[in-house]
Amino acid sequence: MKRYLSSKNTFTVVILWGIVVLMLTLLIIGLQKEHLSLLPIAFLSLVMVLIVWTLLDTRYVIKNHFLLYRSGPFRGRIDIEKISKIKYFSGLYVPVTMKPALDNKGYIISYSNVDDVYVTPEKRELFIQELLKINPKIEVV
């Protein structure tokens with residue numbers, strides 16, 4: 001089993017931590033100045049937990065013949081034998097739906113005719129080598 005943490009874009013990390021700090025500040029001010037109902041407290045707390053969870057737990061694991069990805073509560077599994085293409089991508093707008101990533105430089109992994117996932121492992125070359133050991137037919141672009 002090989003584990004790869006997601007690389008992190010400084011801008012993204014600063015923005016997400018800034019949102020958490022802002023929400024926490026609003027929550028504290030709201031609790032001190034007035035009595036908040038349970039709904040805003042629960043909502044702000046849930047959003048903060050999801051953001052922190054995503055920041056601290058975004059990783060990729062190669063286990064047996066599967067690539068497992070997780071980004072906070074979002075998880076998935078890809079059969080490495082079904083991966084057809086891996087394309088390097090750099091940019092703000094990533095043209096895929098599933099993006100368990102914290103960086104704007106990574107790979108778009110195509111594993112069926114309609115399914116793609118965007119990943120940003122820290123050790124990019126090693127990650128690709130491990131996938132190619134399992135499935136040498138993968139086209140790397």
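Details of the structure are given in the entry above.
Here the structure is a predicted model, which is why all the values come from computation and not from measurement. Residue numbering note: each chain is counted from 1, following its sequence as written. Local features are withheld for residues below a pLDDT of 70 in this predicted model, meaning they are given only at 70 or higher, and side-chain atom pairs are given and counted only at 80 or more; totals for whole chains, interfaces and linings count all residues. Remark: hydrogens and water are excluded; side-chain values derive from all non-hydrogen atoms of the structure.

> Help me understand the overall build of the chain in this model?
In terms of regular secondary structure, the chain is built from 3 helices and 8 strands. Reading the chain from its N end, one meets helices and strands in the order β-α-α-β-β-β-β-β-β-α-β. Relative to the compact-globule value of 14 Å for 141 residues, the chain shows a C-alpha radius of gyration of 18 Å, a clear excess of over 25%. C-alpha atoms of the chain, sized along the principal axes, occupy 60 × 25 × 25 Å. In this description, contact between two residues means that some pair of their heavy atoms is separated by no more than 4.5 Å. Sequence-distant contacts in the chain: of pairs separated by 6 or more residues, those separated by 24 or more amount to 51%. Per-residue and other accessible areas follow the Shrake-Rupley method at a 1.4 Å probe size, with only the shown protein chains counted as cover for residues. Of the roughly 8900 Å² of accessible surface on the chain, a fraction of 62% belongs to carbon and sulfur atoms. One way to put it: in the chain the 18 positive side-chain charges average out to a point 3 Å from where the 11 negative ones average out. The numbering of helices and of strands both runs from the N terminus, where a helix is a DSSP run of H or I of at least 4 residues and a strand a run of E of at least 2. For this measure, only C-alpha atoms enter the radius of gyration; the expected value for a globule follows 2.2 Å times N^0.38, where N is the number of residues. A positive count includes Lys and Arg, and a negative count includes Asp and Glu. His and the chain ends are not counted in either. Where a charge lies is defined by one atom per residue type: Lys uses NZ, Arg uses CZ, Asp uses CG and Glu uses CD.

> Sorry if this is basic, but what is going on with the packing of aromatic side chains here?
Aromatic ring pairs are described here by two measures, namely the spacing of the ring centres and the angle between the planes. Aromatic pairing here means that ring centres of Phe, Tyr or Trp (its six-membered ring) are within 6.5 Å. Orientation follows from the plane angle: under 30 degrees is stacked, over 60 is edge-to-face, and everything else is tilted. A complete count under the given rule lists 4 aromatic pairs for this structure. Consider the rings of Phe89 and Tyr118, whose centres lie 6.2 Å apart with planes at 90°: the pair is edge-to-face. In this pair, Phe89 is assigned in strand β5 (residues 85-90) and Tyr118 in strand β7 (residues 116-119), connecting sequence segments 29 residues apart. Type-normalised accessible area, obtained with a 1.4 Å probe on protein chains alone, sets the label of each residue: buried when under 20%, exposed when over 50%, and partly exposed for intermediate values. Taking the relative accessible area as the measure of exposure, Phe89 reaches 17% and is therefore buried. Since its relative accessible area comes to 1%, Tyr118 is described here as buried.

> What am I meant to see in the side chain of Ser7 here?
With respect to the helices and strands, the residue Ser7 is situated in the loop between β1 (2-5) and α1 (10-33). For Ser7, a relative accessible area of 10% puts it in the buried group. Within 3.5 Å is the distance limit for a polar contact, defined as a pair of N or O atoms, with the added protein rule that one can donate a hydrogen and the other accept it, and that residues adjacent in sequence qualify only through two side-chain atoms. Side-chain polar atoms of Ser7 contact the side chain of Asp103, separated by 2.8 Å. When neighbours within four sequence positions are excluded, Ser7 is seen to be in contact with Leu102, Asp103, Lys105, Thr120, Pro121, Glu122 and Arg124.

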